[in-house]
Amino acid sequence: MSSSSAGAFSTRTRLILIMGVTAALAAVSPIAGLSTARAADPTLHQLAAAKGKYFGSATDNPELTDTAYTAILGSEFGQITPGNSMKWDTTEPTRNTFAFTKGDAVVSLAKSHNQIVRAHTLVWHNQLPSWVSSLPTTEVQAAMENHITQVATHYAGQVYAWDVVNEPFNEDGTFRTSVFYNAMGSGYIATALRAARAADPTAKLYINDYNTDGTGAKADAMYNLASSLKAQGVPLDGIGFQGHLAIQYGFPTNMQANLQRFADLGLDVAITELDVRMILPRDATKDATQSTYYTNVVNACLAVNRCVGITIWDYTDKYSWVPSVFSGQGAALPWDENLAKKPAYTAIFKALGGIVSTSSPSPSGPSPSTPAPPTGCKVVYSASPWTEGTGVGGFTANITVTNTSATPVSGWTLRFSLPSGQTLTQSGWNATYAVSGQAVTATNLSYNATIPANGSTSFGFNGRWSGSYSSPAAFTLNNVTCS
Ligand code: XIL
(Lines give C-alpha, C1' and ligand atoms only; values in the text may rest on other atoms or scores of the structure.)
Protein backbone atom coordinates (compact mmCIF):
# COMPACT_ATOMS: atom_id res chain seq x y z
CA MET A 1 0.00 0.00 0.00
CA SER A 2 1.30 3.46 -0.80
CA SER A 3 1.98 5.78 2.09
CA SER A 4 -1.06 7.85 1.19
CA SER A 5 -2.31 10.37 3.68
CA ALA A 6 -5.38 9.58 5.73
CA GLY A 7 -7.23 12.05 3.50
CA ALA A 8 -6.66 9.91 0.45
CA PHE A 9 -8.22 6.98 2.21
CA SER A 10 -11.24 8.94 3.37
CA THR A 11 -12.17 9.80 -0.22
CA ARG A 12 -11.80 6.31 -1.55
CA THR A 13 -14.73 4.51 -3.01
CA ARG A 14 -14.90 1.12 -1.48
CA LEU A 15 -16.11 -1.74 -3.55
CA ILE A 16 -16.01 -5.33 -2.68
CA LEU A 17 -15.80 -7.56 -5.66
CA ILE A 18 -16.31 -11.17 -5.11
CA MET A 19 -15.74 -13.61 -7.83
CA GLY A 20 -16.16 -17.27 -7.26
CA VAL A 21 -15.37 -19.76 -9.91
CA THR A 22 -15.52 -23.50 -9.83
CA ALA A 23 -14.05 -25.81 -12.36
CA ALA A 24 -14.02 -29.52 -12.87
CA LEU A 25 -11.04 -31.15 -14.47
CA ALA A 26 -13.37 -32.65 -17.06
CA ALA A 27 -14.18 -29.16 -18.26
CA VAL A 28 -10.63 -28.33 -19.29
CA SER A 29 -8.51 -29.69 -22.07
CA PRO A 30 -6.53 -32.84 -21.30
CA ILE A 31 -3.33 -32.31 -19.34
CA ALA A 32 -0.36 -34.40 -20.38
CA GLY A 33 1.83 -36.27 -17.94
CA LEU A 34 -0.39 -36.30 -14.90
CA SER A 35 1.30 -39.43 -13.62
CA THR A 36 4.67 -37.68 -13.29
CA ALA A 37 3.24 -34.45 -11.98
CA ARG A 38 4.59 -33.30 -8.67
CA ALA A 39 4.62 -30.36 -6.32
CA ALA A 40 6.24 -27.06 -7.29
CA ASP A 41 9.89 -26.92 -6.31
CA PRO A 42 10.70 -24.69 -3.37
CA THR A 43 13.01 -21.82 -4.24
CA LEU A 44 16.68 -21.87 -3.29
CA HIS A 45 15.97 -19.16 -0.74
CA GLN A 46 13.07 -21.09 0.78
CA LEU A 47 15.35 -24.10 1.20
CA ALA A 48 18.13 -21.96 2.67
CA ALA A 49 15.68 -20.12 4.93
CA ALA A 50 14.50 -23.44 6.32
CA LYS A 51 18.10 -23.86 7.49
CA GLY A 52 18.34 -20.33 8.86
CA LYS A 53 20.31 -18.83 5.97
CA TYR A 54 19.55 -16.63 2.99
CA PHE A 55 20.26 -17.46 -0.63
CA GLY A 56 20.87 -14.41 -2.79
CA SER A 57 22.10 -13.07 -6.08
CA ALA A 58 23.92 -10.01 -7.31
CA THR A 59 22.16 -7.93 -9.92
CA ASP A 60 22.82 -4.79 -11.90
CA ASN A 61 20.71 -1.91 -13.13
CA PRO A 62 20.92 -2.54 -16.91
CA GLU A 63 19.43 -6.01 -16.38
CA LEU A 64 16.35 -4.78 -14.59
CA THR A 65 14.45 -4.08 -17.81
CA ASP A 66 14.64 -7.80 -18.67
CA THR A 67 11.36 -9.03 -17.23
CA ALA A 68 12.08 -12.74 -17.67
CA TYR A 69 15.26 -12.10 -15.69
CA THR A 70 13.64 -10.05 -12.95
CA ALA A 71 10.86 -12.60 -12.50
CA ILE A 72 13.40 -15.21 -11.40
CA LEU A 73 15.49 -12.67 -9.50
CA GLY A 74 12.40 -11.63 -7.57
CA SER A 75 11.09 -15.07 -6.82
CA GLU A 76 14.07 -17.38 -6.32
CA PHE A 77 16.24 -15.28 -4.00
CA GLY A 78 15.87 -13.77 -0.55
CA GLN A 79 18.73 -11.33 -0.83
CA ILE A 80 20.25 -9.17 -3.56
CA THR A 81 23.51 -7.25 -3.94
CA PRO A 82 23.96 -4.37 -6.38
CA GLY A 83 26.86 -5.47 -8.60
CA ASN A 84 27.98 -1.93 -9.34
CA SER A 85 25.53 0.74 -8.32
CA MET A 86 26.76 1.42 -4.78
CA LYS A 87 30.44 1.61 -5.72
CA TRP A 88 32.33 4.87 -5.31
CA ASP A 89 32.50 5.72 -9.03
CA THR A 90 28.70 5.54 -9.17
CA THR A 91 27.79 7.10 -5.82
CA GLU A 92 30.33 9.96 -5.71
CA PRO A 93 31.72 10.44 -9.22
CA THR A 94 32.86 13.96 -8.41
CA ARG A 95 33.85 15.15 -4.99
CA ASN A 96 30.92 15.67 -2.67
CA THR A 97 28.33 15.16 -5.42
CA PHE A 98 26.36 12.05 -4.61
CA ALA A 99 24.24 9.94 -6.94
CA PHE A 100 21.91 7.37 -5.46
CA THR A 101 19.41 6.73 -8.23
CA LYS A 102 20.84 3.40 -9.33
CA GLY A 103 21.42 2.09 -5.83
CA ASP A 104 17.96 3.23 -4.83
CA ALA A 105 16.49 1.26 -7.74
CA VAL A 106 18.07 -1.93 -6.41
CA VAL A 107 16.90 -1.24 -2.86
CA SER A 108 13.37 -0.58 -4.02
CA LEU A 109 13.37 -3.75 -6.12
CA ALA A 110 14.49 -5.68 -3.06
CA LYS A 111 11.73 -4.15 -0.95
CA SER A 112 9.12 -5.07 -3.52
CA HIS A 113 10.19 -8.72 -3.23
CA ASN A 114 10.79 -8.85 0.53
CA GLN A 115 14.51 -9.30 -0.08
CA ILE A 116 17.35 -8.09 2.09
CA VAL A 117 20.21 -6.09 0.55
CA ARG A 118 23.92 -6.63 0.98
CA ALA A 119 25.29 -3.20 0.14
CA HIS A 120 28.57 -3.24 -1.78
CA THR A 121 30.99 -1.45 -1.29
CA LEU A 122 32.30 1.68 0.48
CA VAL A 123 36.11 1.52 0.34
CA TRP A 124 37.79 -0.30 -2.55
CA HIS A 125 40.78 0.39 -4.77
CA ASN A 126 38.76 -0.44 -7.92
CA GLN A 127 35.95 1.50 -9.54
CA LEU A 128 37.30 4.46 -7.64
CA PRO A 129 36.99 7.81 -9.40
CA SER A 130 40.28 9.40 -10.37
CA TRP A 131 39.64 12.41 -8.15
CA VAL A 132 40.16 10.13 -5.14
CA SER A 133 43.34 8.50 -6.39
CA SER A 134 44.84 11.88 -7.16
CA LEU A 135 44.08 13.49 -3.81
CA PRO A 136 46.99 14.71 -1.73
CA THR A 137 47.68 12.12 0.99
CA THR A 138 46.57 14.56 3.68
CA GLU A 139 43.05 14.75 2.25
CA VAL A 140 42.33 11.06 1.75
CA GLN A 141 41.02 10.30 5.22
CA ALA A 142 38.54 13.16 5.21
CA ALA A 143 37.34 12.20 1.72
CA MET A 144 36.94 8.55 2.76
CA GLU A 145 35.05 9.42 5.94
CA ASN A 146 32.79 11.82 4.08
CA HIS A 147 32.06 9.21 1.42
CA ILE A 148 31.22 6.56 4.00
CA THR A 149 29.12 8.95 6.06
CA GLN A 150 27.07 10.22 3.12
CA VAL A 151 26.49 6.88 1.44
CA ALA A 152 25.88 4.78 4.55
CA THR A 153 23.59 7.48 5.97
CA HIS A 154 21.57 7.50 2.76
CA TYR A 155 20.97 3.76 3.01
CA ALA A 156 20.76 3.57 6.80
CA GLY A 157 18.00 1.26 7.94
CA GLN A 158 17.47 -0.08 4.42
CA VAL A 159 20.32 -2.52 4.03
CA TYR A 160 21.17 -5.69 5.90
CA ALA A 161 24.93 -5.42 5.56
CA TRP A 162 27.71 -3.27 4.10
CA ASP A 163 30.94 -4.48 2.58
CA VAL A 164 32.72 -1.56 4.21
CA VAL A 165 36.19 -2.49 2.98
CA ASN A 166 36.71 -4.61 -0.10
CA GLU A 167 39.86 -6.52 -1.07
CA PRO A 168 42.40 -5.09 1.39
CA PHE A 169 44.99 -7.84 0.85
CA ASN A 170 47.54 -8.96 -1.70
CA GLU A 171 47.81 -12.66 -2.47
CA ASP A 172 50.75 -13.09 -0.08
CA GLY A 173 48.82 -11.59 2.82
CA THR A 174 50.48 -8.18 2.80
CA PHE A 175 48.24 -5.14 2.73
CA ARG A 176 47.38 -3.86 -0.71
CA THR A 177 48.98 -0.46 -1.31
CA SER A 178 45.81 1.41 -2.20
CA VAL A 179 45.39 5.17 -1.93
CA PHE A 180 43.79 4.51 1.46
CA TYR A 181 46.64 2.35 2.74
CA ASN A 182 49.20 4.81 1.45
CA ALA A 183 47.53 7.66 3.30
CA MET A 184 46.58 5.98 6.58
CA GLY A 185 48.37 2.65 6.78
CA SER A 186 46.29 -0.39 7.74
CA GLY A 187 44.44 1.83 10.23
CA TYR A 188 42.20 2.98 7.38
CA ILE A 189 40.19 -0.20 7.89
CA ALA A 190 39.27 0.55 11.50
CA THR A 191 38.60 4.18 10.59
CA ALA A 192 36.27 3.10 7.79
CA LEU A 193 34.39 0.64 10.01
CA ARG A 194 33.89 3.26 12.72
CA ALA A 195 32.57 5.79 10.21
CA ALA A 196 30.18 3.20 8.80
CA ARG A 197 28.86 2.27 12.24
CA ALA A 198 28.27 5.91 13.11
CA ALA A 199 26.32 6.43 9.88
CA ASP A 200 24.30 3.22 9.99
CA PRO A 201 24.08 1.63 13.43
CA THR A 202 22.01 -1.32 12.20
CA ALA A 203 23.82 -2.64 9.12
CA LYS A 204 26.19 -5.56 9.66
CA LEU A 205 29.66 -4.31 8.78
CA TYR A 206 31.91 -6.56 6.73
CA ILE A 207 35.37 -6.80 5.28
CA ASN A 208 35.22 -8.73 2.02
CA ASP A 209 37.94 -10.36 -0.10
CA TYR A 210 38.67 -13.07 -2.66
CA ASN A 211 41.01 -16.06 -2.47
CA THR A 212 40.39 -16.15 1.25
CA ASP A 213 37.77 -18.92 0.95
CA GLY A 214 40.24 -21.65 1.87
CA THR A 215 43.19 -21.62 4.22
CA GLY A 216 46.40 -19.95 3.04
CA ALA A 217 48.50 -16.84 3.50
CA LYS A 218 45.79 -14.45 2.39
CA ALA A 219 43.13 -16.03 4.61
CA ASP A 220 45.60 -16.02 7.52
CA ALA A 221 46.17 -12.31 7.00
CA MET A 222 42.42 -11.70 7.05
CA TYR A 223 42.14 -13.80 10.20
CA ASN A 224 44.88 -11.82 11.94
CA LEU A 225 43.25 -8.54 10.92
CA ALA A 226 39.82 -9.70 12.12
CA SER A 227 41.23 -10.89 15.47
CA SER A 228 43.04 -7.64 16.01
CA LEU A 229 40.04 -5.48 15.11
CA LYS A 230 37.82 -7.51 17.45
CA ALA A 231 40.40 -7.21 20.23
CA GLN A 232 40.41 -3.43 19.79
CA GLY A 233 36.62 -3.22 19.87
CA VAL A 234 36.38 -1.95 16.31
CA PRO A 235 32.84 -2.39 14.95
CA LEU A 236 33.27 -5.41 12.69
CA ASP A 237 30.37 -7.87 12.34
CA GLY A 238 31.37 -10.21 9.58
CA ILE A 239 33.82 -11.40 6.99
CA GLY A 240 32.77 -11.85 3.39
CA PHE A 241 34.32 -14.57 1.29
CA GLN A 242 33.77 -13.70 -2.34
CA GLY A 243 34.01 -17.23 -3.71
CA HIS A 244 35.06 -16.46 -7.26
CA LEU A 245 36.13 -20.03 -7.99
CA ALA A 246 37.40 -21.74 -11.13
CA ILE A 247 37.28 -25.48 -11.75
CA GLN A 248 40.76 -25.47 -13.30
CA TYR A 249 42.31 -24.15 -10.06
CA GLY A 250 40.87 -26.68 -7.63
CA PHE A 251 38.48 -26.24 -4.73
CA PRO A 252 39.70 -24.03 -1.83
CA THR A 253 41.51 -25.95 0.92
CA ASN A 254 39.57 -26.61 4.14
CA MET A 255 36.83 -24.12 3.37
CA GLN A 256 34.56 -25.20 6.21
CA ALA A 257 37.33 -25.05 8.80
CA ASN A 258 38.44 -21.70 7.44
CA LEU A 259 34.94 -20.23 7.79
CA GLN A 260 34.64 -21.77 11.24
CA ARG A 261 37.78 -20.10 12.61
CA PHE A 262 36.37 -16.68 11.69
CA ALA A 263 33.03 -17.60 13.23
CA ASP A 264 34.89 -18.59 16.38
CA LEU A 265 36.10 -15.00 16.68
CA GLY A 266 32.47 -14.01 17.19
CA LEU A 267 31.93 -12.91 13.60
CA ASP A 268 29.32 -13.73 11.00
CA VAL A 269 30.65 -15.16 7.78
CA ALA A 270 29.03 -15.04 4.35
CA ILE A 271 29.78 -16.26 0.86
CA THR A 272 29.28 -13.00 -0.97
CA GLU A 273 30.08 -13.35 -4.68
CA LEU A 274 30.00 -17.02 -5.56
CA ASP A 275 30.60 -18.14 -9.12
CA VAL A 276 32.48 -21.14 -10.51
CA ARG A 277 33.97 -20.46 -13.90
CA MET A 278 35.43 -22.90 -16.41
CA ILE A 279 37.45 -22.69 -19.58
CA LEU A 280 34.91 -22.55 -22.40
CA PRO A 281 33.34 -24.41 -24.06
CA ARG A 282 31.11 -25.85 -21.40
CA ASP A 283 30.61 -29.63 -21.44
CA ALA A 284 29.00 -32.26 -19.24
CA THR A 285 32.23 -33.17 -17.46
CA LYS A 286 32.99 -29.56 -16.57
CA ASP A 287 29.38 -29.04 -15.50
CA ALA A 288 29.71 -32.03 -13.18
CA THR A 289 32.90 -30.67 -11.63
CA GLN A 290 31.34 -27.25 -11.28
CA SER A 291 28.34 -28.84 -9.55
CA THR A 292 30.60 -30.42 -6.93
CA TYR A 293 32.10 -26.98 -6.23
CA TYR A 294 28.68 -25.47 -5.66
CA THR A 295 27.72 -28.43 -3.47
CA ASN A 296 30.89 -28.06 -1.43
CA VAL A 297 30.33 -24.34 -0.86
CA VAL A 298 26.74 -24.90 0.26
CA ASN A 299 27.82 -27.74 2.54
CA ALA A 300 30.55 -25.60 4.08
CA CYS A 301 28.13 -22.77 4.82
CA LEU A 302 25.47 -25.12 6.19
CA ALA A 303 28.04 -26.69 8.50
CA VAL A 304 29.02 -23.35 10.05
CA ASN A 305 26.37 -21.94 12.31
CA ARG A 306 27.45 -18.34 11.80
CA CYS A 307 27.53 -18.62 8.03
CA VAL A 308 24.51 -16.39 7.40
CA GLY A 309 24.05 -16.97 3.69
CA ILE A 310 25.31 -17.37 0.17
CA THR A 311 25.15 -14.86 -2.66
CA ILE A 312 25.88 -15.88 -6.23
CA TRP A 313 27.42 -13.15 -8.41
CA ASP A 314 24.31 -12.85 -10.53
CA TYR A 315 22.38 -16.03 -11.23
CA THR A 316 22.56 -16.37 -15.00
CA ASP A 317 25.44 -16.67 -17.48
CA LYS A 318 23.57 -14.04 -19.49
CA TYR A 319 24.79 -11.37 -17.07
CA SER A 320 27.94 -12.86 -15.56
CA TRP A 321 30.99 -10.61 -15.25
CA VAL A 322 33.32 -13.57 -15.94
CA PRO A 323 33.68 -13.62 -19.76
CA SER A 324 34.57 -9.94 -19.91
CA VAL A 325 37.29 -10.26 -17.27
CA PHE A 326 38.66 -13.79 -17.65
CA SER A 327 39.31 -14.30 -21.33
CA GLY A 328 38.01 -17.63 -22.67
CA GLN A 329 36.22 -18.47 -19.42
CA GLY A 330 32.59 -18.40 -18.39
CA ALA A 331 29.49 -20.57 -17.81
CA ALA A 332 30.04 -19.82 -14.12
CA LEU A 333 26.47 -19.59 -12.84
CA PRO A 334 23.60 -22.00 -12.11
CA TRP A 335 21.31 -20.66 -14.86
CA ASP A 336 22.44 -20.52 -18.49
CA GLU A 337 22.21 -17.60 -20.97
CA ASN A 338 18.60 -18.55 -21.71
CA LEU A 339 17.68 -18.55 -18.03
CA ALA A 340 17.43 -22.36 -18.02
CA LYS A 341 18.60 -24.21 -14.93
CA LYS A 342 21.92 -26.05 -15.21
CA PRO A 343 23.28 -29.02 -13.25
CA ALA A 344 24.83 -26.50 -10.84
CA TYR A 345 21.32 -25.36 -9.93
CA THR A 346 20.33 -28.95 -9.11
CA ALA A 347 23.47 -29.35 -7.05
CA ILE A 348 22.64 -26.29 -4.96
CA PHE A 349 18.99 -27.33 -4.69
CA LYS A 350 19.96 -30.77 -3.39
CA ALA A 351 22.70 -29.50 -1.08
CA LEU A 352 20.15 -27.16 0.50
CA GLY A 353 17.91 -30.15 1.17
CA GLY A 354 15.67 -30.01 -1.89
CA ILE A 355 14.24 -33.29 -3.09
CA VAL A 356 14.63 -33.95 -6.78
CA SER A 357 12.04 -36.16 -8.43
CA THR A 358 13.56 -39.35 -9.79
CA SER A 359 10.46 -40.25 -11.83
CA SER A 360 11.13 -37.60 -14.46
CA PRO A 361 14.89 -37.19 -14.64
CA SER A 362 16.16 -34.27 -16.66
CA PRO A 363 19.73 -33.65 -17.80
CA SER A 364 19.38 -29.98 -16.99
CA GLY A 365 18.15 -30.30 -13.45
CA PRO A 366 14.69 -30.66 -12.04
CA SER A 367 12.15 -30.29 -14.80
CA PRO A 368 10.15 -27.09 -14.81
CA SER A 369 7.58 -27.36 -12.09
CA THR A 370 4.66 -29.53 -13.01
CA PRO A 371 2.66 -29.27 -9.83
CA ALA A 372 -0.01 -31.80 -9.10
CA PRO A 373 -3.26 -30.53 -10.57
CA PRO A 374 -6.30 -30.40 -8.37
CA THR A 375 -9.47 -31.80 -9.85
CA GLY A 376 -11.38 -28.71 -8.93
CA CYS A 377 -10.72 -25.28 -7.53
CA LYS A 378 -12.54 -22.19 -6.54
CA VAL A 379 -11.06 -18.70 -6.36
CA VAL A 380 -12.54 -15.80 -4.44
CA TYR A 381 -10.78 -12.57 -5.41
CA SER A 382 -11.89 -9.85 -3.08
CA ALA A 383 -10.56 -6.39 -3.88
CA SER A 384 -10.98 -3.04 -2.20
CA PRO A 385 -10.08 -0.36 -4.74
CA TRP A 386 -10.04 3.31 -3.89
CA THR A 387 -9.74 6.46 -5.97
CA GLU A 388 -7.06 9.08 -5.43
CA GLY A 389 -7.83 11.30 -8.42
CA THR A 390 -9.44 11.00 -11.80
CA GLY A 391 -8.89 7.46 -13.00
CA VAL A 392 -6.13 6.50 -10.56
CA GLY A 393 -6.00 4.73 -7.25
CA GLY A 394 -4.83 1.78 -5.27
CA PHE A 395 -6.32 -1.48 -4.17
CA THR A 396 -5.87 -4.32 -1.74
CA ALA A 397 -6.59 -7.78 -3.11
CA ASN A 398 -7.34 -10.78 -0.94
CA ILE A 399 -7.44 -14.13 -2.67
CA THR A 400 -8.87 -17.32 -1.25
CA VAL A 401 -8.25 -20.50 -3.17
CA THR A 402 -10.28 -23.57 -2.29
CA ASN A 403 -9.16 -27.02 -3.36
CA THR A 404 -12.49 -28.68 -4.19
CA SER A 405 -10.92 -32.03 -5.02
CA ALA A 406 -10.83 -35.09 -2.81
CA THR A 407 -7.02 -35.10 -2.47
CA PRO A 408 -4.71 -32.49 -1.02
CA VAL A 409 -2.75 -30.14 -3.29
CA SER A 410 0.89 -30.25 -2.30
CA GLY A 411 2.66 -27.16 -3.59
CA TRP A 412 0.63 -24.66 -5.59
CA THR A 413 0.92 -21.92 -8.15
CA LEU A 414 -1.94 -19.58 -8.94
CA ARG A 415 -1.69 -17.65 -12.20
CA PHE A 416 -3.78 -14.75 -13.41
CA SER A 417 -3.52 -11.61 -15.51
CA LEU A 418 -3.85 -8.19 -13.96
CA PRO A 419 -6.09 -6.00 -16.13
CA SER A 420 -4.09 -3.41 -18.04
CA GLY A 421 -3.22 -0.33 -16.03
CA GLN A 422 -2.75 -2.39 -12.85
CA THR A 423 0.51 -3.13 -11.07
CA LEU A 424 1.59 -4.80 -7.85
CA THR A 425 3.12 -2.27 -5.47
CA GLN A 426 4.61 -4.76 -3.09
CA SER A 427 5.10 -8.45 -2.94
CA GLY A 428 2.12 -9.20 -0.77
CA TRP A 429 1.61 -11.76 1.92
CA ASN A 430 1.34 -15.53 2.32
CA ALA A 431 2.71 -16.15 -1.20
CA THR A 432 5.69 -15.32 -3.38
CA TYR A 433 4.73 -13.20 -6.37
CA ALA A 434 6.46 -13.08 -9.75
CA VAL A 435 5.24 -10.51 -12.25
CA SER A 436 6.02 -10.48 -15.95
CA GLY A 437 4.13 -7.78 -17.80
CA GLN A 438 0.54 -8.23 -16.58
CA ALA A 439 1.04 -11.93 -15.81
CA VAL A 440 1.15 -12.69 -12.09
CA THR A 441 2.34 -15.96 -10.59
CA ALA A 442 1.65 -16.50 -6.91
CA THR A 443 3.48 -19.44 -5.36
CA ASN A 444 3.05 -21.01 -1.95
CA LEU A 445 5.48 -20.43 0.90
CA SER A 446 6.74 -23.43 2.84
CA TYR A 447 4.16 -23.06 5.60
CA ASN A 448 1.11 -23.02 3.31
CA ALA A 449 2.26 -25.42 0.59
CA THR A 450 -0.53 -27.90 1.28
CA ILE A 451 -4.16 -27.14 0.60
CA PRO A 452 -6.14 -30.01 2.12
CA ALA A 453 -9.00 -31.67 0.28
CA ASN A 454 -11.91 -29.23 0.46
CA GLY A 455 -9.62 -26.83 2.30
CA SER A 456 -8.59 -23.35 1.34
CA THR A 457 -5.72 -20.91 1.73
CA SER A 458 -5.67 -17.12 1.58
CA PHE A 459 -3.06 -14.64 0.44
CA GLY A 460 -2.99 -11.18 -1.05
CA PHE A 461 -1.18 -8.11 -2.23
CA ASN A 462 -1.49 -4.36 -2.72
CA GLY A 463 -1.61 -2.74 -6.13
CA ARG A 464 -2.33 0.37 -8.19
CA TRP A 465 -4.93 0.82 -10.91
CA SER A 466 -5.47 3.42 -13.60
CA GLY A 467 -8.29 3.94 -16.09
CA SER A 468 -11.08 2.10 -14.35
CA TYR A 469 -10.81 -0.69 -11.82
CA SER A 470 -11.68 -4.28 -12.69
CA SER A 471 -10.64 -7.65 -11.23
CA PRO A 472 -8.72 -10.37 -13.06
CA ALA A 473 -10.98 -12.44 -15.29
CA ALA A 474 -9.53 -15.93 -14.91
CA PHE A 475 -7.29 -18.01 -12.68
CA THR A 476 -5.39 -21.26 -12.97
CA LEU A 477 -4.30 -23.36 -10.03
CA ASN A 478 -1.37 -25.62 -10.93
CA ASN A 479 -2.18 -24.98 -14.57
CA VAL A 480 -5.81 -26.04 -14.20
CA THR A 481 -8.28 -23.34 -15.13
CA CYS A 482 -10.52 -22.34 -12.27
CA SER A 483 -13.33 -20.93 -14.38
C1 XIL B 1 32.46 -6.67 -10.78
C2 XIL B 1 31.13 -6.43 -11.48
O3 XIL B 1 30.37 -7.62 -11.45
C4 XIL B 1 31.38 -6.00 -12.90
O5 XIL B 1 30.16 -5.65 -13.55
C6 XIL B 1 32.31 -4.80 -12.92
O7 XIL B 1 32.62 -4.46 -14.25
C8 XIL B 1 33.58 -5.12 -12.16
O9 XIL B 1 33.26 -5.53 -10.85
N10 XIL B 1 34.93 -8.53 -6.73
C11 XIL B 1 34.06 -7.61 -6.28
C12 XIL B 1 32.98 -7.11 -7.19
O13 XIL B 1 34.06 -7.26 -5.10
O14 XIL B 1 32.65 -5.78 -6.93
C15 XIL B 1 33.34 -7.29 -8.63
O16 XIL B 1 32.20 -6.94 -9.41
C17 XIL B 1 33.79 -8.70 -8.89
C18 XIL B 1 35.02 -9.00 -8.09
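Residues numbered from 1 in each chain as written. Predicted model: local features only at pLDDT ≥ 70, side-chain atom pairs only at ≥ 80, totals over all residues. Heavy atoms only, no water.

Peer 1: How do you make sense of helix α9 (residues 187-199) when you look at a structure like this?
Peer 2: Counting along an α-helix, one turn takes 3.6 residues, and residues three or four places apart therefore face a common direction. Between the first and last C-alpha of α9 there are 19 Å, a value that for 13 residues agrees with the 18 Å anticipated at 1.5 Å per step. Residues of α9 that are buried include every one of Tyr188, Ile189, Ala190, Thr191, Ala192, Leu193, Ala195, Ala196 and Ala199, and no others. Residues of α9 that are buried in the fold lie against β4 (116-123), α7 (137-154), β5 (161-166), α8 (179-184), β6 (204-209) and α10 (217-231). (Helix = DSSP H or I, 4+ residues; strand = E, 2+ residues; numbered from the N terminus. Expected span 1.5 Å × (residues − 1). Buried < 20%, exposed > 50% of the residue type's maximum accessible area, 1.4 Å probe, protein only. Contact = heavy atoms within 4.5 Å.)

Peer 1: Just to check I follow, could you spell out the nonpolar core for this structure?
Peer 2: Nonpolar side chains in soluble globular proteins tend to be buried together. Trp162, Phe180 and Ile207 are the most contacted members of the largest nonpolar core, which totals 92 residues. Per-element accounting of this core gives the leading share, eight residues, to α9. Those residues in contact with Ile207 that lie beyond four places of it in its chain are Val165, Pro168, Ile189, Leu193, Met222, Leu225, Leu229, Leu236, Gly238, Ile239 and Gly240. Of all hydrophobic cores here, the second largest spans 26 residues; its members include Phe395, Ala397, Leu424 and Tyr469. (Core = buried A, V, L, I, M, F, W, Y, C linked by side-chain atoms within 4.5 Å.)

Peer 1: Before we go on, may I ask you to explain the site of the ligand in this structure?
Peer 2: Around the ligand, the surrounding shell consists of Asn84, Lys87, His120, Trp124, Gln127, Asn166, Glu167, Gln242, His244, Glu273, Trp313 and Trp321. Within the side chain of Lys87, a nitrogen or oxygen atom sits 2.7 Å from an oxygen atom of the ligand. Gln127 places a polar side-chain atom, nitrogen or oxygen, 3.2 Å from an oxygen atom of the ligand. Expressed as a share of its isolated accessible area of 410 Å², the protein-covered part of the ligand is 77%. Of the residues assigned to the shell around the ligand, the class counts are three nonpolar, six polar and three charged. (Near = heavy atom within 4 Å. Polar contact = N/O pair within 3.5 Å; in protein donor to acceptor, adjacent residues only side chain to side chain. Areas by Shrake-Rupley, 256 points an atom, 1.4 Å probe, with all protein chains shown as cover. Nonpolar A, V, L, I, M, F, W, Y, C, P; charged D, E, K, R; others polar.)

Peer 1: What exactly am I supposed to notice about the packing of aromatic side chains here?
Peer 2: When we look at a pair of aromatic rings, we describe it by the centre distance and by the angle of the planes. Within the structure shown, the criterion is met by 29 aromatic pairs. Geometrically, the ring pair formed by Phe241 and Phe262 is edge-to-face, given 5.2 Å between the ring centres and 75° between the ring planes. One end of the pair, Phe241, is in strand β7 (residues 238-241); the other, Phe262, is in helix α11 (residues 255-263), with 21 residues separating them in the sequence. Each member of the pair Phe241 and Phe262 is classed as buried. Arranged with centres 5.5 Å apart and planes meeting at 65°, the rings of Tyr433 and Phe461 form a pair that is edge-to-face. Pair noted here: Tyr433 is in strand β17 (residues 432-436) and Phe461 is in strand β20 (residues 456-466), with a separation of 28 residues, a long-range link. Relative accessible area serves as the criterion here: at 3%, Tyr433 is assigned to the buried category. One aromatic cluster is present, formed by Phe55, Tyr69, Phe77, Tyr315, Tyr319, Trp335, Tyr345 and Phe349 through successive ring pairs. (Phe/Tyr/Trp six-rings, centres within 6.5 Å; stacked < 30°, edge-to-face > 60°.)

Peer 1: Would you mind showing me how to read the side chain of Gln115 here?
Peer 2: Counting through the fold element by element, Gln115 comes out in the loop between α5 (101-112) and β4. Exposure remark for Gln115: the relative accessible area of 7% places this residue in the buried category. Within the structure, the side chain of Gln115 is placed 2.8 Å from the backbone oxygen of Leu73, a separation counted as a polar contact. Engagement of the side chain of Gln115 in a polar contact is seen with the backbone oxygen of Phe77, the distance being 3.0 Å.

Peer 1: Would you take a moment to explain α7 for this structure?
Peer 2: Along its 18 residues, α7 runs 27 Å from first to last C-alpha, staying within 8% of the 26 Å computed at 1.5 Å per residue. Within the sequence span of α7, burial applies to Val140, Ala143, Met144, His147, Ile148, Val151 and Ala152. The buried residues of α7 occupy one face: seen down the axis, they fall within an arc of 135°. Buried residues along α7 sit in contact with α4 (88-91), β4, α6 (130-133), β5, α8 and α9. (Arc of directions from axis to C-beta.)

Peer 1: Would you take a moment to explain the pattern of salt bridges for this structure?
Peer 2: When their charged atoms lie close together, side chains carrying opposite charge are able to pair. Within this structure, the stated rule accounts for 11 salt bridges. For Glu139, the salt bridge identified is with Arg95, shortest N-O distance 2.7 Å. With Glu139 in helix α7 and Arg95 in the loop between α4 and α5, the pair connects residues that are 44 residues apart, well separated along the chain. Between Lys218 and Glu171 there is a salt bridge, with its nearest N and O atoms 2.7 Å apart. In this pair, Lys218 sits in helix α10 while Glu171 sits in the loop between β5 and α8, placing the two residues 47 residues apart along the sequence. Classification of Lys218 as buried rests on a relative accessible area of 3%. For Glu171, a relative accessible area of 43% translates into the label partly exposed. The structure contains a network of salt bridges with shared partners spanning Glu171, Asp209 and Lys218. (Salt bridge = Lys/Arg side-chain N within 4 Å of Asp/Glu carboxyl O.)

Peer 1: What's the story with the side chain of Asp60 in this structure? I'm lost.
Peer 2: Along the polypeptide, Asp60 turns up in the loop between β2 (54-59) and α3 (67-76). For the buried residue Asp60, which engages in no salt bridge, the nearest side chain bearing the opposite charge is Lys102, 7.2 Å off. A distance of 2.7 Å separates the side chain of Asp60 from the side chain of Asn84, its partner in a polar contact. Apart from residues no more than four positions distant in its own chain, Asp60 is found in contact with Asn84, Ser85 and Asp314. (Lys, Arg positive; Asp, Glu negative; His and termini not counted.)

Peer 1: How should the pairing of strand β3 (residues 79-82) be read in this particular structure?
Peer 2: Consecutive side chains of a regular strand alternate in pointing toward one face of the sheet and then the other. Here β3 shows a buried face lined by Gln79 and Thr81 and a second buried face lined by Ile80 and Pro82. Of the pairings in the sheet, the one linking β2 to β3 comprises four bridges and is parallel in character. Counted as the bridge partner of Gly56 is Gln79 from β3. Direction of pairing for β3 relative to β4: parallel, over a ladder of two bridges. (Pairing = 2+ DSSP bridges.)

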